[in-house]
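# Inside the fold
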Amino acid sequence: MPVLRVAILILLLATSACGMRAPGPAQASLIQIDGSSTLYPIAEAVAEEFQKAHRGDVRVTVGISGTGGGFKKFCRGEIAISSASRPILSPEIAACAKAGVAYIELPVAMDAVTIAVNPANTWLDAISIDELKTLWQPQAQTRVLRWNQINPSWPDAPITLFGAGADSGTFDYFTEAVVGRAKASRGDFTASEDDNLLVTGVANDINALGFFGYAYFSENRTRLRAVAVRSSEGAAAVTPSLASVMDGSYQPLSRPMFIYVNADMVRQSDDLREFLRFYLREAAALATEVGYIPLPARAYTMALANLERGKVGTVFDGHSETGISVEQLLAREAR
């Protein structure tokens, strides 16, 4: 009998070790977003509201490794959603195809890439795209260093430059719109995927000029001043705003912003599907709340229809096009 009791005790201990205990709380499902720092305020706001509504059943994380960095993870199948401040590029399309990652392209808002200076700057109210090119093109490095080298009416004072880092979609877009080729830029400037660092740099230096997403300017209006932009010499100088983006006059620095979604993950996850529906329903209100320009209501209706029918691929041709108006975007997405 003692031997039997010992055997029973061993069996009970083994059963306990194998996990036969009272069940704990269910683990929350995880949705991972990474990519554009420009789009981060919208993605973070959507994630926060969605998690509140689901009371801990779903966890959403939002990273800011830049549009290019986000696409690297996305095309390896590591994340469900890639936030992008430009359309997907040909090398990224090829990388996704090689890894078997099919994607759904969903436009979510508009942005105005904002040229900003310190409020104490008294000489720069407007700048032309040609003047920006003189300042930012690769051959300007170590040569164009003072304000009066761009315009003799501006002071003989050093220029300090701040801009998006090389993994940023804002960097790709700005260089293509201003210099004429994506990623063609001088290298002697403070670069970062963290737009708040750029804002602080410009706000602390009277001789600074920087570029970043409109929401970061809008949130820091007391610390920065937006510079009006001329699309060509002699053209009217236009200040970035909701109105100038919607009417197409702030060119070529207004642009659509997107999320790209792993199509297989959408099919396999009810939580991901519901999150994306929530994103498209709330994007207009939350984009406005954080300082971006919402798309017209029919754009979100169209995006939701594309999500529900699993429309894969991109309506762009693999490079970062500039000067796309709201109406042109809607016409493409309707194809």
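Residues numbered from 1 in each chain as written. Predicted model: local features only at pLDDT ≥ 70, side-chain atom pairs only at ≥ 80, totals over all residues. Heavy atoms only, no water.

### Focus: the overall build of the protein chain
- Per the secondary structure count, the protein chain includes 13 helices and 13 strands.
- When the backbone C-alpha atoms are referred to their principal axes, the protein chain occupies close to 105 × 45 × 35 Å.
- Residues classed as buried in the protein chain amount to 52% of the 335 residues present.
- Partitioning the intrachain contacts of the protein chain with sequence separation of at least 6 by distance along the chain shows that 76% fall at a separation of at least 24.
- Of the roughly 14700 Å² of accessible surface on the protein chain, 54% is carried by carbon and sulfur atoms.
- Across the protein chain, the centroid of the 30 positively charged side chains sits 5 Å from that of the 35 negatively charged ones. (Helix = DSSP H or I, 4+ residues; strand = E, 2+ residues; numbered from the N terminus. Buried < 20%, exposed > 50% of the residue type's maximum accessible area, 1.4 Å probe, protein only. Contact = heavy atoms within 4.5 Å. Areas by Shrake-Rupley, 256 points an atom, 1.4 Å probe, with all protein chains shown as cover. Lys, Arg positive; Asp, Glu negative; His and termini not counted. Charge placed at Lys NZ, Arg CZ, Asp CG, Glu CD.)

### Notes on the state of the cysteines
- For the structure shown, the criterion picks out one disulfide.
- Shown here is the disulfide that connects Cys-75 with Cys-96, its sulfur atoms set 2.1 Å apart. Disulfide Cys-75-Cys-96: torsion about the S-S bond near -70°, hence left-handed. Taken together, the residues Cys-75 in helix H3 (residues 66-75) and Cys-96 in helix H4 (residues 90-99) connect sequence positions 21 residues apart. Both residues of the pair, Cys-75 and Cys-96, belong to the buried class. (Disulfide = S-S within 2.5 Å.)

### Thoughts on the packing of H3 against H4
- It is the contact of H3 with H4, at a shortest axis distance of 9 Å, that shows an interaxial angle of 15°. The pairing of H3 with H4 is recorded here as roughly parallel in orientation. In terms of crossing hand, the pair formed by H3 and H4 is right-handed. Judged by residue contacts, Gly-68, Phe-71, Phe-74 and Cys-75 of H3 engage Glu-92, Ala-95, Cys-96 and Ala-99 from H4.
- Looking at the contact of H3 with H4 residue by residue, the classes come out as six nonpolar, one polar and one charged. (Axes fitted to C-alpha atoms, helices over the stretch in contact; angles between N-to-C directions. Parallel < 35°, antiparallel > 145°, perpendicular 65-115°, else oblique. Left-handed = near helix turned anticlockwise from the far one by under 90°. Nonpolar A, V, L, I, M, F, W, Y, C, P; charged D, E, K, R; others polar.)

### Here we look at the pattern of salt bridges
- Applying the stated criterion to the full structure yields 18 salt bridges.
- In this structure, Arg-86 and Glu-92 form a salt bridge, with 2.8 Å as the shortest nitrogen-oxygen distance. Across the pair, Glu-92 and Arg-86 agree in class, each one buried.
- In the salt-bridge network here, residues are joined through shared partners; they are Arg-86, Glu-92, Asp-172 and Lys-183. (Salt bridge = Lys/Arg side-chain N within 4 Å of Asp/Glu carboxyl O.)

### Section: the sheet that holds strand E12 (residues 237-238)
- One open sheet holds the three strands; their spatial order is E6-E11-E12, and the pairing between them is mixed. The sheet terminates laterally at strand E6 (126-128) and E12, the two strands that pair on one side only.
- Here three bridges tie E6 to strand E11 (residues 228-230), and the two strands are oriented parallel to one another. When the bridges of E11 are listed, Ala-126 appears paired with Ala-228. (Pairing = 2+ DSSP bridges.)

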